[in-house]
Amino acid sequence: MKKMKVISPILMEVSWVPCSPLRRVRIGPIKVRYRMLLLVFRLSFLSFFPSLSLSQHFAPTRTKPHHRISVSLNLKQRKQREEKRRMMMKLDTSGLESFSAAVPSAMATAEDQLFAPPSFDLPAGCADFDKFQMEAKQTLKHAKGTTTLAFIFNQGVIVAADSRASMGGYISSQSVKKIIEINPYMLGTMAGGAADCQFWHRNLGIKCRLHELANKRRISVTGASKLLANILYSYRGMGLSIGTMIAGWDEKGPGLYYVDSEGGRLKGNRFSVGSGSPYAYGVLDNGYRPDMTVDEAHELARRAIYHATFRDGASGGVVSVYHVGPNGWKKLSGDDVSELHYKYYPVQPTPVEHEMVDAPPA
Amino acid sequence: MSIFEYNGSALVAMVGKNCFAIASDRRLGVQLQTVATDFQRVFKIHDRLYIGLSGLATDAQTMYQKLVFRHKLYQLREERDMKPQTFASLVSALLYEKRFGPFFCQPVIAGLGDNDEPFICTMDCLGAKELAKDFVVSGTASESLYGACESMYKPDMEPEELFETISQALLSSVDRDCLSGWGGYVLLVYAALLTPTEVQEKILKGRMD
């Protein structure tokens, strides 16, 4: 038998293996079949290069496709894939559906592609999409720097808010509309992310209108707040930042609900949301009576927001006060907070200390 | 929020014709909550030298007390007041002494030197001096203040005009900052020819939100 020195099986593997795998070979005192040697060296080789897949050696399989969210030309396939993804992620994307879906499919397919949701590759080098998403959420975290309040009394609901938008320490705007008119008899307040609040309130307005058309009667405040709360619950953990109050007047009378992006929904008589809310609660709880007149309630709300803007750095600008009555909402006032301060606490001429006077003539 | 933004502050000093003005806001806060609206940030060292300290309020007060102590010793030894340039060097040295555990305050020094020449300078929290001929700013509203001062400043302003300019610059800048404002305090010092230096202190009516 021809004796073969087994010096470097690796090199032999790269070139052509000269002997049959079944042949017994000798390394020092050990006698093994050649294929055993090859296996040992392949495994040790791979331990240094773990990226090489073993599948290359055993059975050639198709590697997994890159994780892509893409649009295929086939509409049916795309819808199926979306459905599957939607079920997996449990998102309620009915609010984001393009309106061409509601339109009969007789419309041209070209338009459909126009309205198709944009597709994008994941960022390059993004091995862990979940971690990337978490980091993105952190950068958008807002501290709900604002003061909004709402309360129910005999004559309806009063809703009031400041108008400052701040980014950390910088005031980005002093004239933000924080009371959003969902429809002529319902109001929503904005606290948290401005974009989130604006979009989802408008979306809620659309849903309320669709409800009206489908059921031939207005939606109740209970129903509207439930719609919003359910949508926000399905986006829980995705980084939305919304702390809103839905106030309105329906068949049961005045209604007030607090809804937030964690999915919470509370029914109540008095709420205040935002970084200035502790200060507003102090004034509001002190002066509240269920049997106030509209003017008294108006003044109470204005005072509460003013005190919050004085103490809280992230609130300020203009106090807007709205009243929701049986015939819908009406804006009562929009006062600059600084002018209110000098109205409530006019500057007293203080006695001057250490005033220099001429020495009396001797 | 960083430690410099814990209390919130705004300081500016400007040079005019044989006069200078130093102005600050009056808010003391604990992050977003306002605790006081009459907090003093500009302190007198002697008749012709004032220092404003922005940043962490406790460090500002401690720095001021240490500086007064050092200046009183200087007065005993030298039998005269310190010149602003010397004082600036003293502040810088004191701050650098704490290089690896600094005071979290940024001083603004303004004074009248020899021949009634106005002198202003600012420093970072480690004592790097920045001498300027026109204006210096410090505090959480410093970026807005830079913009406002740059556009409103003119060289060789008379005292009344200087007072107007510095007040407007301060008020418009703190209106863009959540952490400073709630009124303003302006101190104007000018060396008149015949009478000794005159000092005017004014409190500004600003936005209280």
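Rules and cut-offs
Residues numbered from 1 in each chain as written. Chains lettered and ligands numbered in written order. Predicted model: local features only at pLDDT ≥ 70, side-chain atom pairs only at ≥ 80, totals over all residues. Heavy atoms only, no water. Helix = DSSP H or I, 4+ residues; strand = E, 2+ residues; numbered from the N terminus. Rg over C-alpha atoms; globule rule 2.2 N^0.38 Å. Buried < 20%, exposed > 50% of the residue type's maximum accessible area, 1.4 Å probe, protein only. Contact = heavy atoms within 4.5 Å. Areas by Shrake-Rupley, 256 points an atom, 1.4 Å probe, with all protein chains shown as cover. Lys, Arg positive; Asp, Glu negative; His and termini not counted. Charge placed at Lys NZ, Arg CZ, Asp CG, Glu CD. Polar contact = N/O pair within 3.5 Å; in protein donor to acceptor, adjacent residues only side chain to side chain. Buried area = accessible area lost by both parts, 1.4 Å probe. Salt bridge = Lys/Arg side-chain N within 4 Å of Asp/Glu carboxyl O. Nonpolar A, V, L, I, M, F, W, Y, C, P; charged D, E, K, R; others polar. UniProt positions renumbered as here; feature names shortened; annotations may be inferred. Arc of directions from axis to C-beta. 1 Å grid on protein atoms, 1.4 Å probe; cavity = no way out; pocket = protein on both sides within 12 Å on 5 of 7 lines; lining within 4 Å. Points joined across faces, edges and corners; volume = space filled by probe spheres on them. Pairing = 2+ DSSP bridges. Axes fitted to C-alpha atoms, helices over the stretch in contact; angles between N-to-C directions. Patch = residues over 30% accessible without salt bridge, like charges linked within 9 Å, V, L, I, M, F, W, Y side chains within 5 Å.

**Remarks on the overall build of chain B**
So, step 1. Counting secondary structure elements, chain B contains four helices and 12 strands.
So, step 2. The globule rule puts the C-alpha radius of gyration for 209 residues at 17 Å, and the 16 Å found for chain B is close to it.
So, step 3. With the C-alpha coordinates of chain B rotated into their principal frame, the extents come out at 45 × 40 × 25 Å.
So, step 4. Expressed as a percentage of the 209 residues in chain B, the buried residues total 55%.
So, step 5. Restricting to contacts in chain B with at least 6 residues of sequence separation, those with at least 24 account for 62%.
So, step 6. Summed over all atoms, the accessible surface of chain B reaches about 9,400 Å², with 50% contributed by carbon and sulfur.
So, step 7. If the 21 positive side-chain charges of chain B are averaged to one point and the 27 negative ones to another, these points end up 5 Å apart.

**A closer look at the side chain of A:Ser333**
Residues and elements named next belong to chain A.
So, step 1. Within the secondary structure, Ser-333 sits in strand 14 (residues 328–336).
So, step 2. Within polar-contact distance, the side chain of Ser-333 engages the side chain of His-298 at 2.8 Å.
So, step 3. Within the structure, the side chain of Ser-333 is placed 3.4 Å from the side chain of Asp-335, a separation counted as a polar contact.
So, step 4. Dropping the residues within four chain positions of it, Ser-333 is found in contact with His-298, Arg-302, Val-319, Ser-320 and Val-321.

**Re the interface of chain B and chain A**
Many authors give the size of an interface as the accessible area that is lost as the parts come together.
So, step 1. Listed by partner, the interface residues are 18 residues for chain B and 26 residues for chain A.
So, step 2. Counting the surface lost from both chain B and chain A, the interface buries some 1,800 Å², and carbon and sulfur atoms represent 48% of this.
So, step 3. For the interface between chain B and chain A, the tally reads two salt bridges.
So, step 4. Here A:Asp336 ties to B:Arg207 by a salt bridge, and the two come within 2.9 Å at their closest N and O atoms.
So, step 5. Where chain B packs against chain A, one counts 14 residue pairs in polar contact (both at pLDDT 80 or more).
So, step 6. When grouped by side-chain class, the residues that make up the side of chain B that touches chain A number seven nonpolar, five polar and six charged.

**Describing the UniProt feature "active site" (unreviewed entry) in chain A**
Residues and elements named next belong to chain A.
So, step 1. Here the UniProt feature "active site" (unreviewed entry) sits at Thr-146.
So, step 2. Those residues in contact with Thr-146 that lie beyond four places of it in its chain are Asp-162, Lys-178, Met-190, Ala-191, Val-273, Gly-274, Ser-275, Gly-276, Asp-312, Ala-314 and Ser-315.
So, step 3. Here the side chain of Thr-146 touches Asp-162 through a polar contact of 2.9 Å, side chain to side chain.

**With respect to helix 3 (residues 142–152) of chain B**
Residue and element names in this part refer to chain B.
So, step 1. Within helix 3 the residues assigned to the buried category are Ser-142, Leu-145, Ala-148 and Cys-149. Projected down its long axis, helix 3 shows its buried positions confined to an angular sector of 120 degrees, all on one face. Looking at helix 3, the residues exposed on the side facing more than 90 degrees away from the buried face are Glu-143, Glu-150 and Ser-151.
So, step 2. The inward-facing, buried residues of helix 3 abut strand 1 (10–15), strand 10 (135–139) and helix 4 (159–174).

**Remarks on empty space enclosed by the protein**
The probe, sized like a water molecule, is rolled over the atoms to show the empty space still left.
So, step 1. Under the criterion given, the structure shown has one cavity of 30 Å³ or more.
So, step 2. If you add up the space inside the largest cavity, you get close to 60 Å³.
So, step 3. Every residue lining the largest cavity is listed: A:Arg164, A:Ile171, A:Gln174, B:Val174, B:Asp175, B:Asp177, B:Ser180, B:Gly181, B:Trp182, B:Arg207 and B:Asp209.

**Details of the sheet that holds strand 10 (residues 253–260) of chain A**
All names here are of chain A.
So, step 1. Strand order across the open sheet formed by five strands is 7-8-9-10-11, with antiparallel pairing between neighbours. One side of each edge strand has no neighbouring strand; the edge strands of this open sheet are strand 7 (179–183) and strand 11 (265–267). Looking at each pair of strands side by side, their axes are set apart by 20 degrees on average, direction ignored.
So, step 2. When strand 8 (residues 186–189) meets strand 9 (residues 243–250), the two strands line up antiparallel, connected through three bridges. Along strand 9, the bridge assignment pairs Met-186 with Gly-248.
So, step 3. Contacts from helix 6 (residues 194–215) reach strand 7, strand 8 and strand 9 within the one sheet, and its direction differs from that of strand 7 by about 20 degrees.

**Re the environment of A:Gly317**
So, step 1. Checked against the element boundaries, A:Gly317 lands in the loop between helix 9 (294–311) and strand 13 (318–325).
So, step 2. Beyond its immediate sequence surroundings of up to four residues, A:Gly317 is in contact with A:Ser163, A:Gln174, A:Asp335, A:Asp336, A:Val337, B:Arg207 and B:Asp209.

**Focus: a nonpolar patch on the surface**
All names here are of chain A.
So, step 1. On the surface, Met-36, Leu-39, Val-40, Phe-41 and Leu-43 cluster together to form a nonpolar patch covering roughly 430 Å² of accessible area.
So, step 2. Secondary-structure assignment places Leu-43 in helix 2 (residues 34–48).
So, step 3. Since its relative accessible area comes to 46%, Leu-43 is described here as partly exposed.

**A closer look at the sheet that holds strand 10 of chain B**
Residues and elements named next belong to chain B.
So, step 1. Read from one edge to the other, the open sheet built from five strands follows the order 10-1-2-11-12, with strand pairing classed as antiparallel. This sheet does not close on itself; its edge strands, each paired only once, are strand 10 and strand 12 (198–204). Taking each pair of neighbouring strands and ignoring which way they run, the sheet shows an average axis angle of 10 degrees.
So, step 2. With seven bridges joining them, strand 11 (residues 184–190) and strand 12 adopt antiparallel strand pairing. Note on strand 12: the bridge partner recorded for Gly-184 is Leu-204.
So, step 3. In the packing of helix 3 onto the sheet, contacts are made with strand 1 and strand 10, and the angle to strand 10 comes to roughly 160 degrees.

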